[in-house]
Each structure stands twice: as C-alpha cells, then as structure tokens.
Amino acid sequence: MAYTWEPKWEAVRLESNGIILNTCREKVTGLIACPICLNASFTCLGKSATHAEMKGEVSLFFSIDDLIEHIKNFHTRGLASKLEELRKRMGETRPD
C-alpha cells in the first residue's frame, strides 16, 4: 500500500461560460488543479518536468465549474476590501 501519490500532470485549457483557464489536470484521475494553489505555470504550463512534487495544500476539482467557484470564493475574498481602500485613496487625491 502506498502512502504517497505522485501526480502526473498535463497542461489543459478549460472553458466554461466564457471563462478560459489554463491549468493542470492529473492524467490518471482526471482531477483539475487550481492554477493558483498549485502554481500551474511552474508545475505543468512551463518548461519544467511534467512530474512535480506537491508541497502544501493544493485544491483539486472534478469540474471546471467547481474550480471557478473556488477561485471566486477563495482567491478573491480579500480583493473587495483592497479595491475599496484603493477607491478611498484615489478619491482623496482627486482634485474636485
């Protein structure tokens, strides 16, 4: 019985509802990796080897729609407050 898993990544281009994502998909299981969590540009989209060691927490999904929801809910949650802060700073520096 194995206690480790060595994924075999392949680069994929996925599209859903006008959203296009370039990310990695595991060849055997078909699981789709979050390109932000996995750092897809280094793991499978660049010129590095297709076998990569997963370090830390990587989010894997069965469908592109699940991946899009993950990105919207997890990776953009701090973005709204940063945008509001930027709007306030820009509003203070604008001459009226």
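This text goes with the structure placed above it.
The helix and strand inventory of the chain stands at four helices and four strands. Taking all 96 residues of the chain together, the buried fraction comes to 28%. Taking all contacts inside the chain whose residues are at least 6 apart in sequence as the whole, residues at least 24 apart take part in 50%. With an accessible surface of roughly 7300 Å², the chain has 53% of that area assigned to carbon and sulfur atoms.

For the rest of this paragraph, the subject is the pairing of strand β2 (residues 19-26). Pairing of strand β1 (residues 9-16) with β2 involves eight bridges; the strand directions are antiparallel. Within the sheet, the bridge partner assigned to Arg13 lies in β2 and is Asn22. Hairpin connection between β1 and β2: a loop of two residues separates the two successive antiparallel strands, and Asn17 in this loop has a positive phi of roughly 55°.

Scanning the model with the defined rule gives one disulfide in all. Its sulfur unpaired, Cys34 is 3.6 Å from the next cysteine sulfur, which belongs to Cys37.

The next point concerns unusual backbone geometry. Positive phi outside glycine occurs at Asn17, with the angle close to 55°. As for its position among the elements, Asn17 is in the loop between β1 and β2. Relative accessible area serves as the criterion here: at 75%, Asn17 is assigned to the exposed category.

Tallied over the entire structure, the rule returns four salt bridges. Where Glu69 meets Lys72, a salt bridge forms, and the shortest distance between an N and an O atom there is 3.2 Å. Taken together, the residues span about one helical turn, with Glu69 and Lys72 both in helix α3 (residues 64-75) at a distance of three residues. Relative accessible area serves as the criterion here: at 46%, Lys72 is assigned to the partly exposed category.

With 10 residues, the main nonpolar core is built from Val12, Leu14, Leu21, Ile32, Cys34, Phe61, Ile64, Leu67, Ile68 and Ile71. Sort the elements by how many residues they give to this core and α3 lands first, with four residues. If we skip the residues at most four places from it in the chain, Leu14 touches Ile19, Ile20, Leu21, Thr23, Arg25, Ile32 and Ile64. Formed by seven residues, the second largest nonpolar core is a distinct cluster that contains Trp9, Cys24, Leu38 and Cys44.

Under the 1.5 Å per step criterion, the end-to-end length of α3 is 15 Å for 12 residues, consistent within 8% with the ideal 16 Å. Here α3 has its buried residues at Ile64, Leu67, Ile68, His70 and Ile71. Projected down its long axis, α3 shows its buried positions confined to an angular sector of 160°, all on one face. Considering only its buried residues, α3 is in contact with β1, β2, β3 (32-33), α1 (35-38) and β4 (60-61).

Conventions adopted
- Residues numbered from 1 in each chain as written.
- Predicted model: local features only at pLDDT ≥ 70, side-chain atom pairs only at ≥ 80, totals over all residues.
- Heavy atoms only, no water.
- Helix = DSSP H or I, 4+ residues; strand = E, 2+ residues; numbered from the N terminus.
- Buried < 20%, exposed > 50% of the residue type's maximum accessible area, 1.4 Å probe, protein only.
- Contact = heavy atoms within 4.5 Å.
- Areas by Shrake-Rupley, 256 points an atom, 1.4 Å probe, with all protein chains shown as cover.
- Pairing = 2+ DSSP bridges.
- Disulfide = S-S within 2.5 Å.
- Salt bridge = Lys/Arg side-chain N within 4 Å of Asp/Glu carboxyl O.
- Core = buried A, V, L, I, M, F, W, Y, C linked by side-chain atoms within 4.5 Å.
- Expected span 1.5 Å × (residues − 1).
- Arc of directions from axis to C-beta.

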